[in-house]
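Report on the structure
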Amino acid sequence: MDRVSSFDEPLKKLLGGATAKVMAEHLDLHTVGDLLHHYPRRYEERGKLTALADLPLDEHVTVVAQVADARILMFNNGRGKRLEVTLTDGSGRLQLVFFGHGVHKPHKELLPGRQAMFAGKVSVFNRKMQLAHPTYQLLDASDADEATEAVDAFAGRLLPIYPACKQLDSWRIAKAVDAVLPSARDAVDPLPASLREGRGFTPLPEALLKVHRPQTKADIEDAKARLKWDEAFVLQVALARRRYADTQLPAAARRPVADGLLDAFDAKLPFTLTEGQEKVSKEIFDDLATEHPMHRLLQGEVGSGKTMVALRAMLAVVDAGGQAAMLAPTEVLAQQHHRSITEMMGELAEGGMLGGSDRGTKVVLLTGSMGTAARRQALLDLVTGEAGIVIGTHALIEDKVQFHDLGLVVVDEQHRFGVEQRDALRSKGKQPPHLLVMTATPIPRTVAMTVFGDLETSVLDQLPAGRSPIASHVVPAKDKPHFLARAWERVREEVGNGHQAYVVCPRIGDDAEEAEGKKGKAKKKAAEEDPEKRPPLAVLEIADELRKGALAGLTVEVLHGRMHPDEKDDVMRRFAAGDVDVLVATTVIEVGVNVPNATAMVIMDADRFGVSQLHQLRGRVGRGSAAGLCLLVSEAHGASPARARLSAVAATLDGFELSRIDLEQRREGDVLGQAQSGVRSSLRMLTVIDDEEVIAAAREEAVAIVAADPELEHLPELRTVLAALLDKDREEYLDKG
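Report on the accompanying structure. (Residues numbered from 1 in each chain as written. Predicted model: local features only at pLDDT ≥ 70, side-chain atom pairs only at ≥ 80, totals over all residues. Heavy atoms only, no water.)

So, the pattern of salt bridges
Threshold: Here, a salt bridge means any side-chain nitrogen of Lys or Arg that lies within 4 Å of a carboxyl oxygen of Asp or Glu.
Counted by the stated rule, this structure contains 33 salt bridges. One salt bridge in this structure joins Arg 82 and Glu 84, with 3.0 Å as the shortest N-O distance. Several salt bridges converge on common partners, so that one network encompasses Arg 486, Glu 489, Arg 490, Glu 493 and Glu 494.

A closer look at the packing of helix α14 (residues 331-345) against helix α21 (residues 565-576)
Each pair of packed helices gets described by two things: the angle between the helix axes and the distance between those axes. Condition: For helices, the fitted axis covers only the stretch in contact; all axes are lines through C-alpha atoms, and the angles between them, taken along N-to-C directions, range from 0 to 180 degrees. Secondary structure elements follow DSSP: runs of H or I no shorter than four residues count as helices, runs of E no shorter than two count as strands, and numbering proceeds from the N terminus. Put simply, angles under 35 degrees are roughly parallel, angles over 145 are roughly antiparallel, angles from 65 to 115 are roughly perpendicular, and the rest are oblique. Note on convention: the crossing is left-handed when the near helix lies turned anticlockwise from the far helix by less than a right angle, right-handed when the turn is clockwise. Residues are treated as being in contact if the distance between any of their heavy atoms lies within 4.5 Å. Put simply, Ala, Val, Leu, Ile, Met, Phe, Trp, Tyr, Cys and Pro go in the nonpolar bin, Asp, Glu, Lys and Arg in the charged bin, and everything else, Gly too, in the polar bin.
Running from N to C, α14 and α21 point in directions that differ by 50°, and their axes come no closer than 10 Å. The orientation of α14 relative to α21 falls into the category oblique. As α14 packs across α21, the resulting crossing turns out to be right-handed. On α21, the residues that touch Glu 331, Val 332, Gln 335, Gln 336 and Arg 339 of α14 are Pro 565, Lys 568, Asp 569, Met 572 and Arg 573. Its residues placed into classes, the contact of α14 with α21 shows three nonpolar, two polar and five charged.

Focus on the environment of His 38
Filter applied, for reference: Each residue's exposure class comes from its accessible area (1.4 Å probe, protein chains only) as a fraction of the maximum for that residue type: buried when under 20%, exposed when over 50%, partly exposed otherwise.
By the secondary structure assignment, His 38 is in the loop between α4 (32-36) and β1 (42-45). Accessibility expressed as a relative area gives 9% for His 38, which makes it buried. Distance from His 38 to Ile 173, taken between C-alpha atoms, is 9.4 Å for residues 135 residues apart in sequence. When sequence neighbours within four positions are dropped, the list of residues in contact with His 38 reads Leu 27, Leu 29, Tyr 162, Pro 163, Ile 173 and His 212.

A short note on the pairing of strand β11 (residues 362-366)
The following threshold applies: Between any two strands, pairing holds if DSSP finds at least two bridges. A clockwise course of the path from the first strand over the helix to the second, judged with the strands pointing away from the viewer, identifies a crossover as right-handed.
Across the five residues that make up β11, a large majority, five, are buried. Side chains Lys 362, Val 364 and Leu 366 of β11 all project onto a buried face; the interleaved residues Val 363 and Leu 365 project onto the opposite face, where all are buried too. Here β11 runs beside strand β12 (residues 387-392); their pairing, made up of five bridges, is parallel. Residue pairing in the sheet places Val 364 in a bridge with Val 390 of β12. Since β11 and β12 lie parallel, the crossover through helix α15 (residues 372-384) that links them has a hand, and here it is right-handed.

What to know about the sheet that holds strand β17 (residues 500-504)
Within the open sheet, the six strands sit side by side as β16-β21-β20-β17-β19-β18. Their pairing is parallel. With partners counted over all chains shown, the strands left at the sheet margins are β16 (470-476) and β18 (556-559), one partner each. Taken over all neighbouring pairs, the strand axes of this sheet differ in orientation by 20° on average, direction set aside. Where β17 meets strand β20 (residues 598-603), five bridges bridge the pair, whose relative direction is parallel.

In structure tokens, the structure reads:
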């Protein structure tokens, strides 16, 4: 059998159809290689031998004892069988119990007088200590030394506990692993020999044997170190190759010109840029000046001035004769960006118009809900080059949208866009345009290296002068209802001081499902019996309650995704103008909404939002000179993980710290997201949050190797392993959906 094919062998050949079917359907394991990479989740020590008199409750123990008696009992009117076995070792007695089909083998083997070794977890039933379904090994060696040896080998062993499923428990998986373990010696080693020896790694076949069948704890550490490194390294090589391929693409260099649009814009800025903005702008301008497309991720704290940095990059590209497109995830946000950019630019956004600047350009908006005439004009401005800057939703990607010379694409909140959308926009340039991706969700460095590893990263971590601190508090609505009453008083006080407030709810409300049909009534009844089951609070209901009750007399308006775009725009305009006191909204306000006069935010059912979402929402207040206030209202009880999460958000304004907490709570799966399923299925040992050093070191090695040998011609094993990781589906994730 050749070296690769034993890993590609279907499991049904070795394990039989039924077991292989369960493994495929429930654990996504199809081949020998898949099973060998299905690592134990933890290891149980079978404990040193314990005397029956000293058994600790709820712990895994190993005992050697003699069977005193064994009897089968019937229960459930004869439908159920239970085998009870009593053990004695001279110091005390212990009961074993086996149920159902599990009684036959022990009933035959555990006869009175037999000696055996038993391992299991101690529990109490009817005030008696017992082991339920213990594993055991009979000790029938005629030679006393041999029996002692067997006891030592059994008691000292580390038992691998595998990620299992209801249909297949850990023991049976361990048995299946035993069947395929000999194939471990055929493992293709992806690490170049010099790297492996230089870092003193265990060879891969040995690491696989050690991780599945360790003799000592040191074996486990050895194996983990090697297997983590492999995962990080193979992934980083894939990303390094993608970055290298991007540097080989042609792009038009876009250099800002003296006394152009950018200089005119800078001259009229009423403030100076922060050091961070200056530094990040320089990184971006350096990239734009090269003849290969920029691929940069700009991550910044909420309100750190990312839009300003992006706008200056767009102006530089217009100066250089190109066009820039900004892609926003929602119409509300596209309109907001269009409004704030045209306000910041003033007459510079009116190029070619009466009263506009001769150095100006046209800034157009393009969304799906625009009227035909406005849309036709916007499309015409793009194709003629009249419009230097276009801001829009994914409507920008449609086939009929043509650019005169697209030089830069700015994607806001990139995690909302799929792979195909980014590629479609990219294909609208004569050559690939430069790409700047912005996210206000701070991402820990290791996740950025893993998830966005094909993008260079710039970080804006200082807030511009004039941004105010935000005080955050948890309001336990259930334990202390008067706290909620006080929250509404605080909103009134803010409005009384000439400010405005947001109230955020998880749901719009008025759903068809909640019609007074059977379903609606059943839901209501369930909610009354158990508040945990009640639907999340809704915008329409809360707005109604506030108008009639706690905030009567104030102007309370709603904003949500089901409203007509013109209606949404009208509400946002009136809120921005100060004509609306309180805006009750869904998370449509999460990103990019900028109303400096809004100082308070009340988030209802805050425990139903994620950590980074709460941080995003909170960033909508404190955007002016007055301090911000964010109240996180929750009915979750004090000791729950949900409340712990809210307390963490209230305790820090550092988005990077929060993203770490978020990641620790959710682990990789959610963070890497469905779009990254390829990478998720390849990360079995590596945890992105805990293995920062491994990832950073692997990235360094990967970059060096790809720079020296981009096609990996001299590393056929690495190429083979990469091909297995990056089958067509998995390659997609590298395009960053």
